[in-house]
Structures are given as structure tokens and as C-alpha cells.
Amino acid sequence: MHLLNVYFFLFSISVVQSFSNKNHTNNWAVLVDTSRFWFNYRHVANVLSIYRSVKRLGIPDSQIILMIADDMACNPRNPRPGTVFNNADQHINVYGDDVEVDYRGYEVTVENFVRLLTGRLPPGTPRSKQLLSDEGSNVLIYLTGHGGDGFLKFQDSEEITSQEMADALEQMWQKQRYNEIFFMIDTCQAASMYERFYSPNILAVGSSLVGEDSLSHHVDSSIGVYIIDRYTYYALEFLEKVNPQSDKSMGEFLKVCPKSVCISTVGVRKDLFNRNPDNVPITDFFGSIRPVEVLCDLSNVTLLQSKQLSQEEAFKPKKYRYIDPIVNFNTIKS
Amino acid sequence: MGLLTDPTTGQGKFIKILLKYYSYACMLLYIGGVIWFLALAYPTMNANTYFSENALLPGLVKSQFREDREAARYHEELLDEMNKYHDSIPYSWLLAKFNQIGLDTYTHNFTLTSPFNRKDKFSGKNVYGILRAPRGSSSEALVLSTPFRPSTSAHPPTAPSVAIMLAFAKFANREKYWAKDIIFLITEHEQVGVQAWLEAYYGVSCGSENILDHGDLRGRGGAIQAAINLELHSERIGQMDIKIEGLNGQLPNLDLFNLASKMCTKEGVYQTFKNKGPFYSRKPSKEWLNYFRNMLSMMGTQATGIPNGNHGLFHRFGIQALTLEGFEQSRAKGSNKIWFVGTGRIIEGIFRSLNNLLERFHQSFFFYLLPSSDRYISISIYIPSVCLMIGTMFIKACARWFKLQETSCKEMSTETHSPPVRIDKIITTFLVTHFFGVLVSNIPQFMSRYITSLSVYETNVKVFYPLLACLVQLLFIPLFIRMRHCRKSMELLNILAMLELGTVLICISMNNFSLGFFCAIISVPAALLVNPSSCRICSYFQRFLWFLVHPLIILTVAVMINTYFLFPEERMKEIVIRGWDATQQSVIFSIVDSMVYGNWLYGVVTNIFIPNWLCFWIVSFCVFKEDEIDTEKTEDITDKDIKKTN
Amino acid sequence: MKCLIVSLGILFICHLVHSYEGTITEELLIKPLYSEQVYTHFQFSTKWDIDPDKETFRHSPLFPRPLGEIVQRFDIQELHVTLTSGLWRYEKWGYPVKDAATGVEVLAWFKPGSDVDKNWKLLANSLSGLLCASLNFIDNTNTIKPEFSFRPRGILESNLLNNSYVRYANLPHEIVCTENLTPWKKLLPCDSRTGLASLLNSGHIHNTRYHSIGLHLRPVCRDKSCESMSLELQQTVSLVYDYLILGTKNWSLRKLFGQGINRKCVLVSKSDVYVDTTNQDIELEPPPDETVTSVRGGQVTTLQKYIVSNQFLNIYAKFQNADLVSLNLPPPLHANQYLSGYGQERGGIVTKIYNNHWKQIDVVLMQNIPWFIPIYLHTLKVTADGRDIKPIQLRYIPARQRERPTYLEVLLTVPARTATSVVIDFDYVFLKWQEYPPDANFGFHIGSAVISSYLPVARNYTAVPWDGSLISDSFNASRSGYLVEVRTENLIITLPTPDFSMPYNVICLACTVVALAFGPLHNITTRKLILKSKRKVLLIERIKKFLFSLKKTKTE
């Protein structure tokens, strides 16, 4: 063991004026795609669109939980491997080169989703699979898949009801696991999922009202699937114009897909949210800016006492060897 | 509910009604079943076909097949090669082409031994190439097959199918979106080749031992999910017929049929089922007639259990398969004719949709009837017709049983003596008839294999005539059964026979509805009329009627009628001779089918129907004396009687 | 101000480099295969000269810290993880540098004295978080302890092997995509910005017939005397490209990977590219720095070597004679696996081992069969050319439902120039409702069998010998035998699957039947039967009785 010199760089964080909410300290995102099978390509494209925006606007991978129920990018059916496009003209590869999926395939279940939100995960769960939010976290929850009146289907074999969703969020509130939640859902009859929420500080938007279907945007005839849903397509279009310094508000985002383009009516629930969405910057939920100010003056740092490491133990020469690569058939005893 | 109560303690009201009116009930039910069946063809009873499996996404992808020139070139070269190989498969040319395209190419040798003459052996060779999915791991596969027909074959030619298959292989090898391996299979000797290939693929033997030696395959593609068989007879296709009937009446998943149908319609080619296209008429009766004819045609094919194309052999392995047969001339006037590019696009569309599937076909129906290519009848709609008919057997058996109990009760009360019922003798009779049935089913092979002095004769003679002799001898069995004059024993035998017939017919209807229905519609009314009777004339009439319902007689009559329709211009004598020949052939073919492919029609007829027929035949010989207790009049059993017995 | 920070940063890094004891190398082997494909194999080796038994892994300058923590926390001696998509076709492509079965394979040796089962489960969970794969599905129901098939590749103090410290599991259904590559790349010292790792662009490397990424951790000798240990981490990427998919036979680094190599990674001591030009008539541009000839087991291989420097490097290969078709001799040993039988009652698993060598070969066949496929050991049959072969040894631990899989290891000698079939029969079983996956009609996977053998010839053989770590150690490395671990295909089996839309109908039906049976039973056991005289009741009397009963209820 030898001595190490320690170098320190000091940064101080100053709170920027536009941060009106003193309780908001960090951002998390939980993005879930609940559909499996190749013909549900568009749901994966939906969730990856939001993932891309959220990452671009600053939330690091360690604070994004991405759940994708099936693999589209490396699916042998995909004629453009390693990519998921949001547009038939292949404008944006929403899958990208730097993606980390935390829950995938059979792991995307209702139980795992609720455990993730409430924090009741079994011991041994790796950090990247845990939602380690605290009372200062603004959490963005995005769900997409096939839904109905009061439920959302997970992988065609189970459902989560709106009551269960509301209860999970209430548990989060009781355990002080969030400061504010923005709940986005892009499914058929999406509004039914947030009707039963009863915890404070939740702003919810759904791509369609009860009784309406959310429609897909268009077909990519070279792949042969519906490639993205309408609501998320226009939401992505809006978010592509947002950059980390932007001053667009949540109110503008809530108006992003009028009925003329979306065909379904976008539903919004504001009563549990105590701020006016028009005054909330979009980066409160989609971005993760922590304004940083670099100080120009140097500060003196005292060196820590370096520990003298104990003397090396008496060096005992041992003989190591490589093992024979395969058994000798003649010497095996039964 | 008297489910668990002792049936002899008393007769409930329901039973009394049953005993009084059971014959009318049976008649009504039978007629109801027939009417239900006739009503199946009405548009209100059947529904339009639709796609159950969302994952198929048919027709959504843009077609990219452009290799029609290659197909034309392959076709020319193949015709040249076929001139060199007159009656066998030009396998070296096919192997070379597959290798050139870049597929993994293999040959498969198989040998068929004649079931009646062990020294006769026929060998064949299949050629197949596997297109490995570019990013897949060879765990799933799709099959595109075509039967190779040399120029000497009696069937219409299939050289264009081979050509389009090669062109499609070339196209598909370039694309990178295949998730499953595609196996391009060219078989020889029609269905034997496909059966041998499938048996080698799965390492099983479906027929009898040592008949079909299936050899071994070197290359496989994993679990096969679906197969498309092509039989295109010319370069220009004016009509595309889809054939679905498989071995033992099994059908592919309805979604596969819908997919093929939609792809053909998308290309604009006249798409037919059973050679009939979509039919529109304002007169409901004409519509009904058209649907009914189609339905009967499909049922006729399904009932024999013989597949009408190579696709039929895939079904037992859980592989959904159908055949696309392309004709140049179409029945519709002025229909669109498509060239190789069109057929290539149809195949491409089908395979792209099959490629989209992750799971096996499981959503849509496996049991259905098709009155036309865009309407279907599901099992829940058609099964009541045959259940009503067969239910009569059970009702009659039930009623006769209760009557028998009543008789014995009465006997006990009046203390008359009648010969006791010898149950063991009845059971013995029953088992002996079944033993004879097993014997009959094995006679042909036994005779031809072990009695070699007969080998000089033709197959017809050495197989069919011993069988015929056996059956004729069996007709004399009732004369040896002494207890045929005991009424009670015969009643019991009758009940047993009816129960057996009802059960067997229901089981067959589940597997092969057409066969079950045709057997039911013929045998049920005759079985209802066979009773132990008191008058001789009735007995003679029953015997005559039941004789007509013998399986061999029915077969002969059906074949004769068929011959008459096929050759209307010939004289009666020639038709009879031809028909008799055809009957012999059909019996022999069904024996061969059961030994090579495992077709169970022959087995079921000889092991079950003939013994059952014998049981009824014995019952029809029962003529009892008049002074036995006449239980036709139902009387209420009074309390006085019960008290007496107590 | 900026200058100061930058210079401080560089000093920091240089210090790190000097204070790091060990070597970091990266190599790339490009080998055009006989059959229209080109094989590329990346190997990134990080060798750290510390004693893994004593190291606390608190301070790991260039060795990836997550792996260090895993080694220390779970008492791992050796670890091999591979994630693969596509199938390696032995018959046409020969042997890869590292064999891997489709899906995920994890093989680990633990240090003696540790709680292996607990550590194994925790290891699986940690790896699932580290590599973004569903490795948390590894548990006792798919883990086995192979005795003969796998031996530690690293060094040990004693020669005694105890197979209670080894665990092997495979997940055939796992997919590999960019989300696995991204964290894997972050374990590399230079990440993917410079050096050979910059070639790993997901859009290109997933457009391949075979794609495998691996992590191999083992203790090695620090020097020739082998008196002290070092910890070696090898990260490998194996890719097989197809000319048809590429579009042309003349490949180049830009065509394969999307870009050439920009700069050398400053931390590596050796960064080389080898192009195998044995029996190939290709012209390389730019001309190689060196030509290496390797004689290994009688096979002569010619390789062209490029040393990566800070200059931009894009290797372009041009096939001279397009009409030259080279003959391909199949490798001495390869195998296939398939299912036999039809229907949903019984079937068989057949493993066919092809021996193309002129002498017989000893092989070890290992199968890890899931618990829901109950196999019958008495039906195990080994045949070659119609003759029965008796296995030399057999190791068999039967499956226990929902607890452990079937472990079968067969030691046998396959005769020369034949195909040997190993057949074992099984039954189809029903599973419980909840045990079916969401895509139940897809089927269940049976993982690949592993056939290990020590081949006498090195034909089509590229693996690195176990006492070396670099690709360059495999040159002229003739040994007495060459170890191969042949993998087969995964199998998909369709178990009897219920109709999941039927539960309510079934419950109603069952309850109705039960009720119908219960009613009469209850009646018979509890009701008292009284004989009543029966006489014809007149209608008027009936009406009177009815009115009377009505009145009674009114008054009550």
C-alpha cells in the first residue's frame, strides 16, 4: 500500500430564483410499458420517447426506472436492429445508444410495479431497480399499454385497477416518497386510471376520457406495425423543442394534443395539485436541473493524515497452478 | 332430483312419461337433428370470418417481392431438367439451386415397404433447404412445401410451385427480418414423401411398424409452427383454391385460412374454397342451397379422413397447414390472372404475417365448417345437430332399461317364472363379437403376409376377398346363439349395443364431425327400429333393414352412386363392374392408409362398427313367444303391490 | 483557470496510471469464415496485480469497481457471464474463441468456506442490476453443480476440486440488446470513447447473425513463477456478420462498425488488430504492420497485425478472386439438439453428436433440464450407427418439482466418423395456473446442452489457451489437446396450455355439478321418508288447500 495524494475540488450550490418550491430537490422518473408482442411496437416507442426526452433534459439514468415488457429493438423481426423509431421516416431513433432498461420482459408485473412505487422490494434488489425517492423528489410516472375502464393490462395476463394505483400513490405519500407527482397515461380510456386518486400533489393527464379509445398515429409499412400513438407522438414533438433552460410551463404541455389531432380528448386532473400548472416550469418534472455556480476563488484544504498501512505480512511463497481443462476419463471413480 | 336414488323403488312421473312416449321423442329428436343440420347453412346460423389473432397484422407491410424474372427462369430450367428425369425428382439440380441461393441444403432418403408384399420396396428422396433466420437461434421454423410431380404423374403438374418457391427463397435470404427459420421442402411421391419427412423430423413412426422407413434428417429448424403447401399448376393463376381438410378430419386453425384468404383477395386473384367462390344472391333459398352444397362438399372430404393435399399430414404434429392450389382457368368469368409476381407476393404476405406471430395459433377455432370462404360455423353451432340424433340412442336405451326393470318388478309381484337373464352370456356374446371385429381388421395383412401362395394374385384378390368371405361368414353368427329367443337377454344386448353406438358416434363426432354425422344419420334410424319383436314379419323387416346398414353395403352403395355421377354415359353393367372394382380399391386404400399414415377409419370401422353391427344383427333375430309378459302397457304400480312385496 | 483544471486533471490521470499495477490490453481478431460470413472477436483484458483473497476492493483505480465489490462481497473466485443472441453454427464456422449458448449463461466458483447458495442468489441479483438483464430469475430451480463439464480456468492452490462450490445456470429466453451493452461498456477503462471500444456501435453490432458479450473474471499467475496471484477481467464481444446483410463481400471497419478507430486509448498498453488471412485471397488496405504465422496443432494460420496508434485506422479488405470457392472441412466435433415425438403426452430430447474425426473422441455431455420436464433415466439410450453404446460414467440428480432441475452428465466415447444420438424420454405435465408466463402459447425453453471435449486437433480452432490471456497467446500455442465446449440449440416445447379465458366458466360448471350431486345426498341423509297414500286429488280440493295455506301465512 502506498500513499495517495488527495485532490479536492469544491463546488457550492446556490438556489436559483426560479426555484419557487423550496421542497423540490431532485427528480425521478418511472416509465412503464406494459405490452408485450411485436404488434405492440408502438407502446415501446411511446415509453422510449418519454425516456429520451427525460434523459435529454437532465435526469440521469440512476434516477430513471424504465420498465419495458418486450424487446423491440433487438427483436429478430425488426428490420432495423438496435433501433426503435417514432416515425415511419425514421426521424428519431428513440432507443439510442445509451439506454438502461431496469425491468424488462417477464419482470414487468403488477406486483413489481407496486413494490417499486411503495419501496417494498426484497433484500438484495440492486440499486438500479429501486425507486430511492425522498420527500423532495418530483416523480414523473408514465404508463402506456392497453387499458380499459378502471384498469390497465399488464402483458395480457393481469391487470392493475385504478384503486390499486391510487392506493400505491397514497402509500408513497404516507412514506414521504414524493414531493409532487406528474402522472401521464397513454392508453384507451386513460382518464379512468386517475379518477380514484386521493393523495395530494398529484397532477394527472390521460390521453383519452372514459369511453374513448386512444388511437395510434400511423403505420410504418416497411416494418409492418403501428409505430407510435398519437398522444405521445405530439407530446414528443413538443418536448423535442424543450431544452434544459427552457421556460415552457406545464400548462402548455397539458394542452399538447387537441382533439383535432388526437381524435380522443386529453383528460387532465388538477384538483389534487396545489400549484397552477401554468406557473410550473416543465423542467420541474421532465428535467433535473440543479443550478451550479462555480466559485472563482480557491480555498485552502488541509491534507488528511494519511494512514500508515500495516507492514506487509511475511511473504509466504505459495505455489499456484492451472487445473487440467478436462477430466481424465481413465481416473474417474463412480 | 332422483340422481342418486334407487331406480327400482318407484317410477317417477318423468320416467312414466318417458316410457309412454319415448319412441315419439326419439323420432322428433332425430328429425330435429336433421332440421338443425339443414339450418346450419342459413346465413343467420353462421357468421362472417374474422381475425382472432391480433398479432398477425395481415397485409400491413408493404410487399417487396420482385423476383418474378428469376421465377420464370427457374421454371424454364426445371422443365428442361424434368425432360431428363422422366419419373423421378431432379434432385441434383434442386440441390444446386438451393446451394446457390445460400441455404443449408439437405437430402432425405426414405423407403416404403408394401404392406401386402414385404419384398416390394419403393424408395424416394426429398430435398429441402433451410433458410436460417438472420438473427434467430433456430428454435422455431415455418415450412413452405410443394410436391414434386414428374411429367408421368397422373396429377396436375407443380413445376411452377417449385419455381416460385426457389424465387421466394432467393428473395427471403436477402431480408433480415425473419424471426423463424424457413424450411423449403420439395417432396416426392405425394403424401408418402411428406409423411416420411415429418416422421424423420420428429423421430416417430405413425403407422404400422416397418412399413415406412423414414430415414434420418441432418438439418432441422426447431419447432415448426405453420406450413404452407403449394400446388400451382401454371405460371398464370386465375383461381386460387385453398384446401384445408387433413388426416382424420383434422383442420388447421381458422386464422390461417383467413390469412391465406385475405392475402389472395388482396392480390386480386379469384379465391375459392371447394372450387366455389363468394356467392351473392338476393334469393335466400339460392344462398342457402349454395352454402349447403359447399358444406356437404367439405363434409364429404372430411368424412373419409383422407387429406386432400400434403398439408393434411402436418396437423397431427400440431403444425397448422393448408394448401394453395392454383389453376389457370377460373370459374369466374373475366377474373384477374396473376403472374409469378402476384403469387410471390401472396406467399410473402402470408409468411410476413406468420413471422409476426410470437405464440402458436391458439385464438381462433380448430373445429369448424366452412359454407363459403368468408363464413364459418363453429363447433358450438353444429354439434347440437348430431347430439340430438345420437341422444335418441341414449333415450331409447334408458327407456328400454326402465321397462326391463318394470318387467322384472312385475314378474316378482306376480311370481311368474321366466328364464333368468344370463348376464355372463350376454357379456360373452358382446366380447366375442368384438373379438371377431379385431380378427376381421387383421385378416388382410395376415393373409397376404403369411400365406405366400397367394402372392401370385393381385392385391385386390388376395386382400379383399378373404375379408369379404369373413364378413359373410359373420352373418351367420346369430344362428349359433341359442339365447336369441330369450327376450330379456336380447333386450339387454340391445341396450348395450345402443349405448355403445351412441358413445362411439359422439366420440367420433368430436374428432371428425362429418364422419360422425354421416354415420349417425344412416345408422340411428335403423338402430331405433331394431327391437326384439314378437311378429315374424317385423323381424324379417328389421333384418333386411339392418342388413342394408352394414358398413360394406353402405360403402358399396356410396361408391356406386359416385361412379354413376362420374361416368354418366356408361351402361349400367359397366357402371356396376367399375363400382365393384372401386369398392375393392377403396377398402384396400383405407387399409394401406391406416398402415402408412395411421388413418383410423379402417380401424374404427372393423373394430367397433362391425361388432356393434353384429350385436344389433343378433338382436334382430330375436323372435319371442307371445305369452311372455307384455309390458307395452304401462301400469301404475299400486301401493298394494309394494305392500305385498314388503 | 481552465488551464489549471485541465493540467491538474492530466496529472491526476498520469498518477493513476503509474500507481496502477497491472496491464490493460485490447485486441480485435477478424476472421473471414468460409461460408459468406466474417467473424470478429474483441477482447479487453484488465489484469490487476493484487491478491484477490486479501484485497478489499475499496480503491480500484482502473479495475471496474462494481465488479470488485461483487468479488469481495460474495466470495467469488471465478466468474463467467455471457449474454448471447443468435446461434453459433459449428458446422460452417468452426470454433469461436469463447463458446456461449443462446441466452444468458452464468458460471461461478466460490471460495471454499462461503455460504454458496445465499451468495449465488445475491450474485444473480447484483448482476441483474449491473448488466440490466433479468438475471434475477436465476435461482435453485435452474441452477446445477456440474462435476465434469466445467473446470476452473484460473489458478488454484491445491489440486482438489470440490464441485459443491461451483454453480451454473442458463436462461435461454433472455435477449441481448443495447441496454446490456451500455453498462458493459461502462466497465471498460476507456469506456467507449477511444480505442477499440469505440467500434462497438449498437446499431451495427446488433445487425449480426451471432452476437455475444461476455465477462470473465479469474485469478491468474502474476508471472512465470506463479507464486502470486493476479486478478484478470476479460470482456469479450463476438460477432458474426453476414455478407448478404452487409451487402458486399468487401468488408471494412467502417462497414462493420460504422466507423474506424480514431485514437488509441491512453490507458492500454497493447492495442492490436489481427486479420486472419489463411487461405483467403484478400488485399488489405492500409498494409499491415506485421505478418504473424501461427502453427498450432499442425494447422498453419497466417494473420496480419495492425497496431493501433493515435492515427485514424480503417481497415478495408478486398476479395481478389471472387470465383475462388474454398472448401470447408467441418470441425471434428459438433452437435445438435431437438425434440422427438408428437402430441402432448410424451416426447424425447435427442442430442446428436457428430464426430468427423478419424479417431474416437471422449466427450462429456451435460444437460440442465427444467423441472417441468420430468425425464426418465431408464429410457436413456446412446446409439451410433445402430449400435448401442454404454456410457463410461453417469451423473444424475433428478428434478424435484418447483425446487431443482434435472442434472445429467454423461461421459461417453463417440466412435469415429459417426453421429451418436443420446435420447431420453419425458412426459408432458400440467403446471399450476400462475406458473405460465404471459406468452404461454409460445412455449417453454429448454437450455442448450454442453458437450465438452479435449480435441486432438486444432482445426478451425481459435480459443486462447487457459494459461494465456491474450489472443496473441494463442499463436503457436500447441498443446496436447484443445478444449472445446460445444453448445447446441435451445429447444422450445409446448406444454399443455389451458385456455386462460375459461376460469369463470369452469368454476361455474364445477360448482353446478357439485351442487347437483350435493342436493340429493343431503336429501337422502337428512330427510325422513314417509309413505303417503296416494289418491286422486280433485281440483276443487287443491284450490281449497291453496287458499287455506295463503290465509295461514297472512295471519302469521
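From a predicted model like this one, the values you see are computed outputs, not experimental measurements.

Student: Just to check I follow, could you spell out the overall build of chain B for this structure?
Tutor: A count of helices and strands for chain B gives 18 helices and 12 strands. Projected onto the principal axes, the alpha-carbon positions of chain B cover approximately 95 × 60 × 55 Å. Taking all 646 residues of chain B together, 48% fall into the buried category. In chain B, of all internal contacts separated by at least 6 residues, the share reaching a separation of at least 24 is 82%.

Student: How should helix 1 (residues 41-56) of chain A be read in this particular structure?
Tutor: In an α-helix, one turn spans 3.6 residues; hence positions three or four apart end up facing the same way. Residues and elements named next belong to chain A. The terminal C-alpha atoms of helix 1 lie 22 Å apart, and with 16 residues this matches the ideal 22 Å at 1.5 Å per residue to within 8%. Of all 16 residues in helix 1, 15 are buried; the element is thus mostly enclosed. A positive backbone phi angle near 120° is found at Gly58, which sits one or two residues after helix 1.

Student: I keep staring at the domain arrangement of chain B and nothing clicks. Help me out?
Tutor: One frequent convention defines the size of an interface as the accessible area lost when the parts assemble. Residues and elements named next belong to chain B. Domain annotation for chain B reports domain 1 (14-40 + 382-620) and domain 2 (54-373). Centre-to-centre, using C-alpha coordinates, domain 1 lies 38 Å away from domain 2. Listed per partner, the contact involves 24 residues of domain 1 and 23 residues of domain 2. At the level of secondary structure, the elements contributing two or more residues to the side of domain 1 that touches domain 2 comprise helix 10 (423-450), helix 11 (459-474), helix 13 (513-529) and helix 16 (572-596). Split by residue class, the side of domain 1 that touches domain 2 holds 12 nonpolar, 9 polar and 3 charged.

Student: Got a minute to help me understand the interface of chain A and chain C in this structure?
Tutor: If you look at the interface, chain A gives 43 residues, while chain C gives 47 residues. Class assignment for the residues of the side of chain A that touches chain C results in 18 nonpolar, 10 polar and 15 charged.

Student: Any chance you could explain unusual backbone geometry here in plain terms?
Tutor: Glycine aside, residues mostly have negative phi angles, and peptide bonds mostly take the trans form. In this chain, Glu285 of chain C is followed by Pro286 of chain C through a cis amide linkage whose omega measures 0°. Tracing the chain through its elements places Pro286 of chain C in the loop between strand 11 (282-285) and strand 12 (290-296). The residue Lys274 of chain B is not glycine, and still its phi comes out positive at about 60°. On the neighbour-count criterion, Lys274 of chain B (23 C-beta atoms within 10 Å) is buried. For Arg417 of chain C, which is not glycine, the phi dihedral falls at a positive 50°. Classification of Arg417 of chain C as partly exposed rests on a count of 14 C-beta atoms within 10 Å.

Student: Hey, could you run me through the pairing of strand 3 (residues 121-131) of chain B in this one?
Tutor: Looking along a regular strand, one sees side chains alternate from face to face of the sheet. Residue and element names in this part refer to chain B. Burial analysis of strand 3 places 8 of its 11 residues in the buried class, which makes it a mostly covered element. The pairing of strand 2 (residues 104-113) with strand 3 spans 10 bridges and is antiparallel. Bridging across to strand 3, Thr111 finds its partner in Ser123. Bridge count between strand 3 and strand 5 (residues 181-187): 5 bridges; the pairing is antiparallel. Across the sheet, residue Leu131 finds its bridge partner in strand 5, namely Ile182.

The rules behind these values
- Residues numbered from 1 in each chain as written.
- Chains lettered and ligands numbered in written order.
- Predicted model: local features only at pLDDT ≥ 70, side-chain atom pairs only at ≥ 80, totals over all residues.
- Helix = DSSP H or I, 4+ residues; strand = E, 2+ residues; numbered from the N terminus.
- Buried ≥ 20, exposed ≤ 12 C-beta atoms within 10 Å, placed from the backbone.
- Contact = placed C-beta atoms within 7 Å.
- Expected span 1.5 Å × (residues − 1).
- Domains from an automatic or database assignment.
- Nonpolar A, V, L, I, M, F, W, Y, C, P; charged D, E, K, R; others polar.
- Pairing = 2+ DSSP bridges.

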